[in-house]
Amino acid sequence: MSFCTFSKESNTSGKTIIDNLFITNYLIDAPENAVKVYLYGLYLCQNLNAVDDVDSFAVNLNLTTSEVIDYFKFWDDFGILSIVSTTPFAVKYYPLNETGLKYRKFKPEKYADFTKAMQLVLSNRMISVSEFNEYFNLLESTSIKPEALIMIAKYCVDVKGDDIGVKYILATAKNFIADGITTPILVEKKLSDYNATTKEIYTLFNLMKINKKPEADEQNLYKKWTVDYGYGLEILEFIIKNQKVKNFKKLDGIIEDLYSNKHFSEESISYHLKHKSELIDLTISIAKQLGERVEIFEPYVNNYVAVWTSKGYDADALNYIANRNFKKRKRTFEEMNETINTLYRLGLVTLTSITEYITQNAESEKFISLLLEKMGEHRNPNEWDKENLSTWRSWNFTNELILEAGKRSAGKPNPIAYINSILSNWKSKNIYTLEDVERESKEFSSNYANNVANNNKLTTEQLVNKVNAKYLEFKTKEESRLSLLSEKLSKFPEFKTVENEIGKTTFDLAKAEYDGNLSLQIKLKNDLEVLNRKKSNILDKIGINEENLKQRYVCKECQDTGYVNGVRCSCFYEYLEEFTAENLSKQ
């Protein structure tokens, strides 16, 4: 049989119930282990065979037996259970109700002197039983002496008047207790210190137009500013006048900021506060540019704007960056911080350097788009493209030469790699103009053709013209094929319409990606999918395979140009050998 049982009024079945009154009236203020003991005992009342004695009970809660018994006595004082036997130890739980005890039971004679003294302090009103129990609980649960609590109550009456409430007295007492001030001597010394600074606090109150007596919290703040932080009364007056401070809370925030940044003189403080005011104004401006709603600016000033200005960014540069970020839908301080970190790594701090970089970047993207078109690539520029372009330009190649290399790389499995090979080859031969490229090609062809001609009695011009004529024949045939297809498609105006729509949508998508308009990108990509399906359906209806609309080449390596990576393609030499053999057979 368990040593914890319900009284007959408390019997329930199937579950352990914790009454809400226990939570609201007892749990919040009770010691943690006292709550554990009460709840575990409550559980045992429903599980009679779980624990048979108080020793096992204590082991399960990792407490000593004497501790468990003390905690049961704690609850016995409240009257929500009773110790019905000490040998063997047993307790009985009672149901909770609104009329039950909320406070521990105290022997009247223990605090007789205290109750008389406290009533004299609060002579303007009668102290209720519940209020006295609040004081008794504090005395029982802390080390504060009754005489010390009486002195604290007198201080509270001096500050707030005779109608002071119990909550204010208890809150003040707990502040004293937190500082280890629990005896009459210590309280007297604390109050003496308060009195010594009261006149100075009144001076600050007058500046703030505050008409009341200093309270404990304000006394503590003044001590922190003057003793802990070392600010004199004159400096505090200077700050109040400079910042038009109206209360101690605002003043404390300013002083915390000054102390953390180690500003102590009037000159240093004046400069910091002026700069801080400018930073707040700048933060407000940036928030407007970004379209971000900010209610408390201090964290944004400290975490972002102050850091940016320390890196050298001025108001014009920051507002410009914020405006661009807004257009690119990067509309938070955090996203702007990422942008600034990127710019800073590139050494871009001033407005001039930033705008020049952005202009050059836009021109580079435009050029890369043209280059991709020459390469036959249907995609948007990326960072890898920009890095390659930067490298090619560092090799002193003009846009004209880069585009020529791009045209020659069209159709290759990896066009960028082909461009790198072409440009590297030209760089090694000191070729930097289109005239140099043409001259090098003619010299190479002439040398090769001359070698073949000398061996086979054929002229250079004859050999080269025959090969070029063959390439021209391929090109003519392909153009004729595509022309016939175009003529056939012209009879279907809906095809031309959808082609125009695809072209326009593709352009709009590229613009949306450049502007960073994510929602528009998603819409345009969906539109493109619909248009491409529509195009495929039209072609199926006409009976044309979409692959047939693409350019065909006899030689996919050089795309029937005779060049790969800026040099003659292998097919050129094959045709050259073919014509040589043909002419030899005729001799």
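Just above sits the structure.
Thresholds, definitions, all that
- Residues numbered from 1 in each chain as written.
- Predicted model: local features only at pLDDT ≥ 70, side-chain atom pairs only at ≥ 80, totals over all residues.
- Heavy atoms only, no water.
- Helix = DSSP H or I, 4+ residues; strand = E, 2+ residues; numbered from the N terminus.
- Buried < 20%, exposed > 50% of the residue type's maximum accessible area, 1.4 Å probe, protein only.
- Contact = heavy atoms within 4.5 Å.
- Expected span 1.5 Å × (residues − 1).
- Arc of directions from axis to C-beta.
- Axes fitted to C-alpha atoms, helices over the stretch in contact; angles between N-to-C directions.
- Parallel < 35°, antiparallel > 145°, perpendicular 65-115°, else oblique.
- Left-handed = near helix turned anticlockwise from the far one by under 90°.
- Nonpolar A, V, L, I, M, F, W, Y, C, P; charged D, E, K, R; others polar.
- Pairing = 2+ DSSP bridges.
- Phe/Tyr/Trp six-rings, centres within 6.5 Å; stacked < 30°, edge-to-face > 60°.
- Lys NZ or Arg CZ within 6 Å of the ring centre and 35° of its normal.
- Patch = residues over 30% accessible without salt bridge, like charges linked within 9 Å, V, L, I, M, F, W, Y side chains within 5 Å.
- Areas by Shrake-Rupley, 256 points an atom, 1.4 Å probe, with all protein chains shown as cover.
- Salt bridge = Lys/Arg side-chain N within 4 Å of Asp/Glu carboxyl O.
- Core = buried A, V, L, I, M, F, W, Y, C linked by side-chain atoms within 4.5 Å.

Draft legend 1. Here's a closer look at the overall build of the protein chain. When you go through the protein chain residue by residue, the secondary structure sums to 25 helices and 5 strands. Across the 587 residues that make up the protein chain, the buried fraction comes to 40%. The contacts in the protein chain between residues at least 6 apart in sequence include a share of 64% that link residues at least 24 apart.

Draft legend 2. Focus on the side chain of N319. Position of N319 relative to the elements: it lies in helix α15 (residues 315-327). In this structure, N319 is in contact with L282, S285, I286 and Q289, ignoring residues within four places of it in sequence.

Draft legend 3. Geometry of helix α18 (residues 383-394). In this model α18 runs 17 Å from its N-terminal to its C-terminal C-alpha over 12 residues, within 8% of the 16 Å that 1.5 Å per residue would give. Those residues of α18 lying buried are D385, K386, N388, L389 and W392. Buried residues of α18, seen end-on, are gathered within an arc of 160° and therefore sit on one face of the element. Turned more than 90 degrees away from the buried face of α18, the exposed residues are E383 and E387. Immediately downstream of α18, the backbone of N396 shows phi near 75°, a positive value.

Draft legend 4. Fine view of unusual backbone geometry. A cis geometry characterises the amide bond from T87 onward to P88, with omega recorded as -5°. Of note, P88 is situated in the loop between β2 (81-86) and β3 (89-93). For K209, which is not glycine, the phi dihedral falls at a positive 60°. Phi angles above zero are rare outside glycine, and K244 is one such case at about 55°. Examined against the element boundaries, K244 turns out to sit in the loop between α11 (233-243) and α12 (248-260). Assessed through its relative accessible area of 64%, K244 is described here as exposed.

Draft legend 5. Geometry of the packing of helix α7 (residues 146-160) against helix α9 (residues 184-208). Viewed as axis vectors pointing N to C, α7 and α9 meet at an angle of 20°, and their least axial separation amounts to 8 Å. Put simply, α7 runs roughly parallel to α9. In terms of crossing hand, the pair formed by α7 and α9 is right-handed. Of the residues in α9, those touching α7 at E147, A148, M151, I152 and Y155 are P184, V187, E188, L191 and Y194. Of the residues that constitute the contact of α7 with α9, the class distribution is 8 nonpolar, no polar and 2 charged.

Draft legend 6. A look at the pairing of β2. Where β2 and β3 come together, 5 bridges link them in antiparallel fashion. Bridge assignment links L81 to a residue of β3, and that residue is Y93. Counting the residues in the hairpin turn of β2 and β3 gives 2 residues.

Draft legend 7. Highlighting the packing of aromatic side chains. Taken as a whole and assessed by the stated rule, the structure comprises 33 aromatic pairs. Taken together, a centroid distance of 5.4 Å and an interplanar angle of 50° make the contact between F22 and W75 tilted. With a gap of 53 residues between them, F22 in helix α1 (residues 20-27) and W75 in helix α4 (residues 65-78) connect regions that are remote in the sequence. Accessibility expressed as a relative area gives 0% for W75, which makes it buried. Measuring from centroid to centroid gives 6.2 Å for F114 and Y135, while their planes differ by 70°, and the two rings are edge-to-face. In this pair, F114 is assigned in helix α5 (residues 112-121) and Y135 in helix α6 (residues 129-141), connecting sequence segments 21 residues apart. Through a chain of ring-to-ring contacts, the aromatic side chains of F22, Y26, Y38, F74, W75 and Y93 assemble into a single cluster. One Lys or Arg, R331, reaches over the ring of F326 and ends 3.9 Å from the middle of that ring.

Draft legend 8. Local environment of a nonpolar patch on the surface. Together, I18, I23, L27 and I28 make up a nonpolar patch on the protein surface, roughly 340 Å² of accessible area in all. Following the sequence through the fold, I18 ends up in the loop between β1 (4-6) and α1.

Draft legend 9. Region of the structure containing the nonpolar core. By size, the foremost hydrophobic cluster in this structure holds 33 residues, and its most contacted members are F114, M118, L122, Y135, I144 and L149. Elements that contribute at least two residues to this core include exactly α5, α6, α7, α8 (166-178) and α9. If you tally residues by element for this core, the top one is α7, at 9 residues. If we skip the residues at most four places from it in the chain, M118 touches I127, F132, Y135, L149, I150 and A153. In terms of nonpolar packing, the next biggest core, distinct from the first, is built from 29 residues, F22, Y40, L61 and F89 among them.

Draft legend 10. Representation of helix α16 (residues 333-345). With 13 residues, α16 extends 18 Å from end C-alpha to end C-alpha; this agrees with the ideal 18 Å at 1.5 Å per step. Among all positions of α16, only F333, M336, T339, I340 and L343 are buried. Axial view of α16: buried residues confined to an arc of 115°, hence all on one face. Along α16, exposed side chains directed more than 90 degrees from the buried face belong to E334 and R345. After α16 finishes, the residue G347 shows a positive phi value of roughly 80°.

Draft legend 11. Geometry of the pattern of salt bridges. One pass over the full model with this rule turns up 18 salt bridges. Note that K224 is salt-bridged to E256, the shortest N-O span being 2.7 Å. Of this pair, K224 sits in helix α10 (residues 216-228) while E256 sits in helix α12, and the two are 32 residues apart along the sequence. Among the residues examined, K224 registers a relative accessible area of 18% and is labelled buried. Owing to a relative accessible area of 28%, E256 belongs among the partly exposed residues under this scheme. The salt bridge partner of E547 is K550, with a shortest N-O separation of 3.1 Å. The partly exposed category is assigned to K550, whose relative accessible area is 46%. One salt-bridge network, in which partners are shared between bridges, spans K160, K212, E215 and E218.

Draft legend 12. Quick look at the packing of helix α19 (residues 399-408) against helix α20 (residues 415-428). Closest axis-to-axis distance for the α19/α20 pair is 9 Å, and the angle between their directions is 130°. When the interaxial angle is binned, α19 and α20 end up oblique. With respect to the hand of their crossing, α19 and α20 are arranged in right-handed fashion. Contacts between α19 and α20 pair L401, I402, E404, A405, G406 and R408 from the former with I419, I422, L423 and W426 from the latter. Per-class residue counts for the contact of α19 with α20 are 7 nonpolar, 1 polar and 2 charged.

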